Amino acid sequence: FPDLIHSVKMEPDRGYPQAGSAHDTFWDFVSLMPESMHMVMWAMSDRAIPRSLRMMEGFGIHTFRLVNADGRATFVKFHWRPTIGSASVMWDEAVKINGADPDFHRRDLYEAIDKGDFPEWQFGIQAFDEEQAAKLDFDVLDATKLIPEEVIPIDFIGRMVLDRNPVNFFAETEQVAFHPGHIVPGIDFTNDPLLQGRLFSYTDTQLLRLGGANFHEIPINRPRCPMRNFQRDGVRRMDVNPGRVAYEPNSLDPSSPREDPKRGFRSFSPPQGPAESGEKLRIRPESFADHYSQARLFFRSMTPPEQLHMVKAISFELSKVETLAIRKRVLGHLHLVDETLASKVEAAIGMSGEAAVITPYREPVDLDPSPALSIIAKAPATIKGRKIGVLVSDGVDEAEIEALRIAVEKEGAALVVIAARIGGVNPAKGRQLKPDMALSGAPSVFFDAVAVLASSEGIDALLENPAAADWVNDAYNHLKVIGYNSAALPLLDDVGIGEDDDEGIVELGAAARRKQFIEAAKKQRIWERETPV
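Residues numbered from 1 in each chain as written. Predicted model: local features only at pLDDT ≥ 70, side-chain atom pairs only at ≥ 80, totals over all residues. Heavy atoms only, no water.

(A) Representation of the nonpolar core in the model. Among the nonpolar cores identified, the biggest contains 37 residues, and Trp27, Met41, Ile314, Leu318, Leu334, Leu341 and Val345 are the most heavily contacted of them. Those elements that provide at least two residues to this core are α2 (24-32), α3 (37-43), α10 (293-300), α11 (304-319), α12 (324-337) and α13 (339-349). Ranked by residue count, the leading element in this core is α12, at 6 residues. Residue contacts for Leu341: discarding those within four places in its chain leaves Met41, Phe299, Val311, Ile314 and Leu334. (Core = buried A, V, L, I, M, F, W, Y, C linked by side-chain atoms within 4.5 Å. Buried < 20%, exposed > 50% of the residue type's maximum accessible area, 1.4 Å probe, protein only. Helix = DSSP H or I, 4+ residues; strand = E, 2+ residues; numbered from the N terminus. Contact = heavy atoms within 4.5 Å.)

(B) Structural view of the sheet that holds strand β9 (residues 437-438). Within the open sheet, the 6 strands sit side by side as β9-β8-β7-β10-β11-β12. Their pairing is parallel. With partners counted over all chains shown, the strands left at the sheet margins are β9 and β12 (505-507), one partner each. The sheet contact formed by strand β7 (residues 387-392) and strand β8 (residues 414-419) spans 5 bridges and is parallel. Bridging from a neighbouring strand, Ile388 pairs with Leu415 of β8. Sheet contacts for helix α14 (residues 398-410): β7, β8 and β10 (449-453); angle to β8, the most-contacted strand, approximately 150°. The sheet contacts of helix α16 (residues 466-477) involve β7, β8, β10, β11 (482-484) and β12, and relative to β10 the element is tilted by about 140°. (Pairing = 2+ DSSP bridges. Axes fitted to C-alpha atoms, helices over the stretch in contact; angles between N-to-C directions.)

(C) How the structure looks around the side chain of Lys145. Counting through the fold element by element, Lys145 comes out in the loop between α6 (130-135) and β5 (155-161). A distance of 2.7 Å separates the side chain of Lys145 from the side chain of Asp142, its partner in a polar contact. Excluding residues within four positions of it along the chain, Lys145 makes contact with His38, Lys77, Phe138, Asp139, Phe288, Asp290 and Gln294. (Polar contact = N/O pair within 3.5 Å; in protein donor to acceptor, adjacent residues only side chain to side chain.)

(D) Quick peek at the packing of α11 against α13. Two elements in contact, α11 and α13, have axes separated by 9 Å at closest approach and are oriented at 45°. Between α11 and α13, the angle falls in the class oblique. Pair α11 / α13 crosses with right-handed handedness. Between α11 and α13, the contacting residues are Val311, Ile314, Ser315 and Leu318 on the first element and Leu341, Lys344, Val345, Ala348 and Ile349 on the second. Taken together, the residues that form the contact of α11 with α13 break down as 7 nonpolar, 1 polar and 1 charged. (Parallel < 35°, antiparallel > 145°, perpendicular 65-115°, else oblique. Left-handed = near helix turned anticlockwise from the far one by under 90°. Nonpolar A, V, L, I, M, F, W, Y, C, P; charged D, E, K, R; others polar.)

(E) Quick peek at the side chain of Gln126. Inspection of the secondary structure assignment puts Gln126 in strand β4 (residues 120-128). In terms of polar contacts, Gln126 uses its side chain to reach the backbone carbonyl oxygen of Ile152, at 2.7 Å. If near-sequence neighbours (up to four positions away) are discounted, Gln126 is found in contact with Phe75, Val76, Lys77, His79, Ile147, Pro148, Glu149, Ile152, Pro153 and Ile154.

(F) Spotlight on unusual backbone geometry. A cis amide bond links Tyr16 to the next residue, Pro17, at an omega of 0°. One can find Pro17 in the loop between α1 (2-8) and α2. Along the chain, Glu248 connects to Pro249 via a cis peptide bond; the corresponding omega equals 10°. Non-glycine residue Ala19 carries a positive phi angle of around 55°.

(G) Broad picture of a negative patch on the surface. A surface patch of like charges, here negative, comprises Asp493, Asp494, Glu499, Asp500 and Asp501. In this fold, Asp493 is placed in helix α17 (residues 489-494). (Patch = residues over 30% accessible without salt bridge, like charges linked within 9 Å, V, L, I, M, F, W, Y side chains within 5 Å. Areas by Shrake-Rupley, 256 points an atom, 1.4 Å probe, with all protein chains shown as cover. Salt bridge = Lys/Arg side-chain N within 4 Å of Asp/Glu carboxyl O. Lys, Arg positive; Asp, Glu negative; His and termini not counted. Charge placed at Lys NZ, Arg CZ, Asp CG, Glu CD.)

(H) Looking closely at a nonpolar patch on the surface. On the surface, a nonpolar cluster with roughly 370 Å² of combined accessible area is contributed by Leu210, Ile218, Ile220 and Met238. In this fold, Ile220 is placed in the loop between α9 (205-209) and α10. Ile220 gets classed as exposed once you look at its relative accessible area, which sits at 74%.

(I) Just α2, in detail. A large share of α2 lies buried, amounting to 8 of its 9 residues. Buried within α2 are the following residues: Asp24, Thr25, Phe26, Trp27, Asp28, Phe29, Val30 and Ser31. At its buried positions, α2 is contacted by α1, α3, α11 and α12.

(J) Here's a closer look at the pattern of salt bridges. One pass over the structure, following the stated rule, counts 32 salt bridges. With a shortest N-O distance of 2.5 Å, Arg244 and Glu11 are connected by a salt bridge. Of the two residues, Arg244 is situated in the loop between α9 and α10 and Glu11 in the loop between α1 and α2; the sequence distance between them amounts to 233 residues. Comparing Arg244 with Glu11 shows no difference in burial state: the two are buried. For Asp117, the salt bridge is made with Lys115, and the minimal N-O distance between the two is 3.7 Å.

(K) How the structure looks around the pairing of β8. Among the 6 residues in β8, 6 count as buried, and that is most of the element. Handedness of the crossover joining β7 and β8 through α14 is recorded here as right-handed. Where β8 lies against β9, 2 bridges are found, and the strand directions are parallel. Residue Ile418 lies in a different strand from β9, and its bridge partner there is Met437. (Right-handed = clockwise from strand over helix to strand, strands pointing away.)

(L) Geometry of the packing of aromatic side chains. This model, assessed by the stated rule, comprises 13 aromatic pairs. Look at Phe26 and Trp27: their rings are 5.4 Å apart centre to centre, the planes differ by 80°, and that puts the pair in the edge-to-face class. On the basis of relative accessible area, Trp27 is assigned to the buried category, the value being 1%. Taking 5.0 Å as the distance between ring centres and 50° as the angle between the ring planes, the aromatic pair formed by Trp91 and Phe316 counts as tilted. One end of the pair, Trp91, is in helix α4 (residues 91-100); the other, Phe316, is in helix α11, and 225 residues separate them in sequence. On the basis of relative accessibility, which here comes to 31%, the residue Phe316 falls in the partly exposed class. Taken together, Phe64, Phe78, Trp80, Phe123 and Phe189 form an aromatic cluster joined through their ring pairs. (Phe/Tyr/Trp six-rings, centres within 6.5 Å; stacked < 30°, edge-to-face > 60°.)

Next comes the structure, spelled out in structure tokens:
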């Protein structure tokens with residue numbers, strides 16, 4: 001685990017890239033650790049760019065035990081499911097959201113709680129006994145595997161509601177200390193090796209007792225013999241280690257430290273008891289040896305749009321990798337995951353036929369797809385908890401805005417009015433209308449669906465404003481539903497959007513058309529609009 005983190009962090013010799021995996025050291029590590037293929041599929045999927053923290057699923061990865069009053073144990077995996085469903089953003093949206101508002105997710109969560117739209121998750125468990133575990137095609141103690149819901153369903157037994165914001169973020173949030181070892185009676189651990197490692201490492205007692213990291217470099221603690229490892233950087237670091245590599249295995253620095261199975265640390269093998277047999281060995285278990293079948297299961301369980309996004313994501317990442325041999329190794333692993341995936345990535349980066357030949361320790365098998373793994377396939381038809389942005393001009397009919405607001409709020413969504421000037425717009429009738437946000441600070445990436453309501457005299461100002469064209473064009477390219485009134489049609493024409501392009505372009509007016517707009521928005525995106533690789 002420390003090696004994984006070291007590989008994905010900024011490279012030590014140059015200090016970049018920050019907060020990104022699209023660079024050599026991460027993909028070098030991944031390409032040498034086939035166990036990581038399932039994780040990579042998740043990281044490259046839409047799950048990695050969620051629409052909101054309120055719409056994220058979570059699960060505990062590890063296998064725990066539930067123990068009843070009679071001492072009988074049952075294996076269990078824990079799950080959280082948002083009641084308003086999961087959703088993601090497009091890659092281009094994620095880039096623009098981060099540029100426009102780095103606090104987008106924190107702000108979204110805070111505002112939802114503040115106005116009483118409390119985020120809620122169902123708490124579920126997959127419970128199974130040792131007999132069921134033995135029938136599975138993998139070891140349930142292998143943290144790189146999951147059990148499809150179609151094999152062992154999730155029983156929902158509770159819920160979590162976030163019903164207040166902290167009054168002091170640092171005191172109530174920043175200092176919180178989660179730990180997998182903090183359990184209540186009735187829950188116990190298994191021999192999941194990753195879980196066991198986390199139980200040991202999370203406390204980090206010495207960090208508290210000695211006041212910081214690298215306590216082993218305090219003179220009284222330093223070894224007298226020369227020592228080479230990858231424990232580097234952090235607070236009070238006293239050595240200066242050169243080079244870009246701070247993880248193992250690696251292929252970028254052959255002279256760097258390497259594990260020595262013969263002369264390195266070896267665990268003591270205790271006498272065998274009635275419940276144990278064989279030697280205690282520091283090796284990868286045979287039962288963990290299938291590294292590709294579940295990565296294949298995950299990819300093949302996705303809908304075509306989600307698969308397309310994974311192809312684009314991996315292609316983008318590998319296009320940033322400078323070392324040819326690393327790219328070739330990753331492509332070799334992808335061929336073992338899915339041939340279609342591999343061939344599309346190869347074509348996208350211009351490396352068809354150049355994949356390295358990877359010999360798996362155990363040949364992958366075709367598992368039944370798990371539709372429950374797909375965000376899109378199980379997405380509820382809803383706009384509850386979403387935000388609909390409506391761009392307005394001077395001379396707009398305020399009744400049109402209010403009719404749309406009523407229809408949107410009836411579905412549990414919020415309507416946000418945007419204008420070129422935060423000071424307000426002059427509607428067709430009545431006093432000045434105060435917008436919620438200014439166009440310069442409210443790009444369409446902030447919203448789940450959009451509409452443009454203009455007047456025949458006010459549309460000219462929007463046509464002269466490049467931000468208005470970007471607002472509509474981005475919404476279209478991000479596959480969002482776009483509503484408009486007849487006076488706003490010139491703005492759509494200006495960016496090349498036809499009123500009959502697809503079902504996601506809806507002229508508003510009568511109640512039936514507003515309903516059509518909402519029903520289209522409930523589908524989240526117009527996936528047919530997306531450009532393939």
